[in-house]
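Chain residues, written in single-letter form:
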Amino acid sequence: MMWKYLVPFLALSACGSTSLPVEETFTASRLATLGNEYKTQPSLVRSYAVGEDGKRVEVKGAVCSASSTLVSVKNVTTPALVKTPMYLQAERFPERGKPPALNWRCSYRGKVVKLTTEPSSGRNNTVTQGVSTYDAATGTYSQPTSIVLTGRLSSTLPWSYPNVEVEF
């Protein structure tokens, strides 16, 4: 009987989590190369402020720039997609091919926020393969296989920069 109360709640809570539409896509300029770049990955850049009611609200129009020794992005207006290179991860590259962090500087209505985003990969994440199955003969369920990605197993998962959320 609790379901009849839970379903309207879920429908209402889903309505409150809207995001502003992304209207622009920017591509980072390459300043240097590591030799392991192979395609681009879009990262979402969004900005937030505390509204009059004390709640976090997404705002449009923050201007952000980011740079590292390898890439540069200038004058991105939020919300936006920023395409940055992805980097192959493998033991044959120095530091497994990991690129340097991106240093962000964003401004909105006279406020300035600086933050750093580290590239991430699948390393040390847990991947679940398969599904639970029921064996009618024994009356037992099998469990999915979980694998923690190590340096050797994660070589096919590239380094990429995460989405950015800036709070003013």
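Quick caveat: nothing in here was measured; it's all calculated off a predicted structure.

*Asks:* Explain the overall build of the chain to me, please; I cannot follow it from the model alone.
*Replies:* Check the secondary structure of the chain and you find one helix and 14 strands. Classification of the 168 residues of the chain by burial places 33% in the buried group. Accessible surface, the chain as shown: approximately 10,900 Å² in total, 55% of it carbon and sulfur.

*Asks:* In this structure, what is going on with the pairing of strand S7 (residues 80-87)? I would like to understand it.
*Replies:* Within a regular strand, the side chains alternate between the two sheet faces. By the criterion of burial, S7 is predominantly enclosed, with six of the eight residues buried. For strand S3 (residues 37-50) and S7, the ladder comprises eight bridges, and the chain directions are antiparallel. By the bridge assignment, glutamate 37 is partnered in S7 with tyrosine 87.

*Asks:* Any chance you could explain unusual backbone geometry here in plain terms?
*Replies:* Of all residues except glycine, most have a negative phi; of all peptide bonds, most are trans. Proline 79 follows threonine 78 through a cis peptide bond whose omega is -5°. In this fold, proline 79 is placed in the loop between strand S6 (71-77) and S7. Although it is not a glycine, asparagine 75 adopts a positive phi angle of roughly 55°. Unusually for a residue other than glycine, arginine 96 sits at a positive phi of about 60°. Structurally, arginine 96 can be placed in the loop between S7 and strand S8 (102-108). Given a relative accessible area of 13%, arginine 96 falls into the buried group.

Procedures and definitions
Residues numbered from 1 in each chain as written. Predicted model: local features only at pLDDT ≥ 70, side-chain atom pairs only at ≥ 80, totals over all residues. Heavy atoms only, no water. Helix = DSSP H or I, 4+ residues; strand = E, 2+ residues; numbered from the N terminus. Buried < 20%, exposed > 50% of the residue type's maximum accessible area, 1.4 Å probe, protein only. Areas by Shrake-Rupley, 256 points an atom, 1.4 Å probe, with all protein chains shown as cover. Pairing = 2+ DSSP bridges.

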